[in-house]
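Each chain is listed here by its residues.
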Amino acid sequence: MSKEIEIKVPNDFSAVTLKQYVQLQKDLDANEGDVEAQDAFLVYNLTSLTPDMVKELDSDVISGIRKDLTKLLGNTDYPLQRKITIGDTEYGFEPNLSAMPYGAYLDISKFENIQLNDDWPTILSILYRPIKKTKGALYEIEKYEGVEPWDEDKWWEVGMDFHFGCFFFFIRLYKALVKGTLNSLKNQTGISPNIKSILEESGEAIQQLSNLQEKIS
């Protein structure tokens, strides 16, 4: 008697958490060069199927899953969500990056580059802080006082539509801000190499997404 398998393929990235996405990147990196294993982990991380279940599917079903995943990965153009509620707390994106607290700026500059990886929740905890008060479309967030390890956990179960929107918005704006800074300081020395790396180009995460699209197609 044949066994019925329910296959759930996400329609958009709101159904894929940061935890799933980062794990997918780790699995693909760990199995670089093994196309069959990468195939299995790709489907496993983005659908309801386990690697063993994937092996039991016929080529027509796999082809249909690939088609749906290609459509999913082809759309990462999401807007920045300036406010997000997690649990009972509403968080707001840094209202003015050009006036971001110096301590927050320094903590971000500690990262050699900005990617959608294990470091991303820390960066989010710097950029998004609890909203103290609002007035119309304007809001004020809590003063930056550093990031505690437990502050980062809340971001892992948030959908990738939120993360992509924030990531690409922040990278574009941050690069523009830093480009101006680097230009104004081009005749000076002592600029942090990490700041240069982040501000000049942070394309690894974008390349990873492109690689995902290529693997599926």
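These figures come from a predicted structure and were not determined experimentally.

Caption draft 1: Structural context of the sheet that holds strand β2 (residues 89-93). Here we have four strands laid out as an open sheet, ordered β1-β2-β3-β4, and antiparallel in their pairing. Each end of this open sheet is capped by a strand with a single partner; those strands are β1 (83-86) and β4 (138-141). Each neighbouring strand pair of the sheet contributes to a mean axis angle of 55°, computed without reference to strand direction. Relative to β2, β1 runs antiparallel, the two sharing four bridges. Each residue of the ladder has a partner; that of Thr85, found in β2, is Glu90. On top of the sheet, helix α6 (residues 120-127) reaches β2 and β3 (128-135); it is set at about 25° to β3, its chief contact.

Caption draft 2: Main features of the pattern of salt bridges. Taken as a whole, this structure holds five salt bridges when the rule is applied. Glu140 is the salt-bridge partner of Lys132, the closest N and O atoms lying 3.3 Å from each other. The exposed category is assigned to Lys132, whose relative accessible area is 52%. You can call Glu140 partly exposed: its relative accessible area is 31%. For Glu140, the salt bridge is made with Lys133, and the minimal N-O distance between the two is 3.6 Å.

Rules used in this analysis
Residues numbered from 1 in each chain as written. Predicted model: local features only at pLDDT ≥ 70, side-chain atom pairs only at ≥ 80, totals over all residues. Heavy atoms only, no water. Pairing = 2+ DSSP bridges. Helix = DSSP H or I, 4+ residues; strand = E, 2+ residues; numbered from the N terminus. Axes fitted to C-alpha atoms, helices over the stretch in contact; angles between N-to-C directions. Contact = heavy atoms within 4.5 Å. Salt bridge = Lys/Arg side-chain N within 4 Å of Asp/Glu carboxyl O. Buried < 20%, exposed > 50% of the residue type's maximum accessible area, 1.4 Å probe, protein only.

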